[in-house]
Amino acid sequence: MSAPSSDSFSAFASLNRYFALIESSKPTLQQAEDAAALLCRVYGAESEEDLLLRGDPELIDLYKEMKGKILKAAM
């Protein structure tokens, strides 16, 4: 398995743990921000800026929607 695939899988597994957490308790804002950063890695980007620079409108819309859900869980 290549490093990018491994990194994406690790980020995906961490995001799954975050979503399991929000089912039983309210996450902190820091946990939500960390999960949003992991979301970028799931999409193969190193940062939100990197993801937005890719210019894929569908990917950007999906990312923003998921990030909103992640952050909303902490508020």
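A quick note: this is a predicted structure, and the numbers were derived from the prediction, not measured. (Residues numbered from 1 in each chain as written. Predicted model: local features only at pLDDT ≥ 70, side-chain atom pairs only at ≥ 80, totals over all residues. Heavy atoms only, no water.)

Novice: Mind showing me how you'd approach helix H2 (residues 29-42) here?
Specialist: Given 3.6 residues per helical turn, the α-helix brings residues three or four places apart onto the same face. In this model, H2 (14 residues) spans 20 Å end to end at C-alpha, consistent with the 20 Å of a helix rising 1.5 Å per residue. Residues Ala32, Ala35, Ala36, Leu38, Leu39 and Cys40 constitute the buried set of H2. Following H2 by one or two positions, glycine 44 has its phi on the positive side, about 85°. (Helix = DSSP H or I, 4+ residues; strand = E, 2+ residues; numbered from the N terminus. Expected span 1.5 Å × (residues − 1). Buried < 20%, exposed > 50% of the residue type's maximum accessible area, 1.4 Å probe, protein only.)

Novice: Help me out: how do you make sense of the packing of aromatic side chains in this one?
Specialist: Geometry of an aromatic ring pair is reported as the spacing of the ring centres plus the angle between the planes. Considering all chains together, one arrives at 1 aromatic pair under this definition. Between tyrosine 18 and phenylalanine 19 the ring centres are 5.6 Å apart and the planes differ by 75°, which places this aromatic pair in the edge-to-face class. (Phe/Tyr/Trp six-rings, centres within 6.5 Å; stacked < 30°, edge-to-face > 60°.)

Novice: What am I meant to see in the environment of alanine 73 here?
Specialist: With respect to the helices and strands, the residue alanine 73 is situated in the segment after helix H4 (57-72). Its relative accessible area of 24% is what places alanine 73 among the partly exposed residues. Taking the C-alpha atoms as reference, alanine 73 lies 27 Å from serine 6; in sequence the two are 67 residues apart. Those residues in contact with alanine 73 that sit more than four places away from it in its chain are Tyr18, Ile22, Lys26 and Pro27. (Contact = heavy atoms within 4.5 Å.)

Novice: How should the pattern of salt bridges be read in this particular structure?
Specialist: Opposite charge on two side chains permits pairing when their charged atoms draw close. This model, assessed by the stated rule, comprises 3 salt bridges. Of the charged contacts in the structure, one is a salt bridge between arginine 54 and aspartate 50, with a shortest N-O distance of 3.5 Å. For glutamate 65, the salt bridge goes to lysine 69, with nearest N and O atoms at 3.5 Å. Residue glutamate 65 and its partner lysine 69 are located together in helix H4, separated by 4 residues, close to a single helical turn. On the accessibility criterion, lysine 69 (47% relative accessible area) is partly exposed. (Salt bridge = Lys/Arg side-chain N within 4 Å of Asp/Glu carboxyl O.)

Remember, this is a structural readout, not a statement about activity or role.
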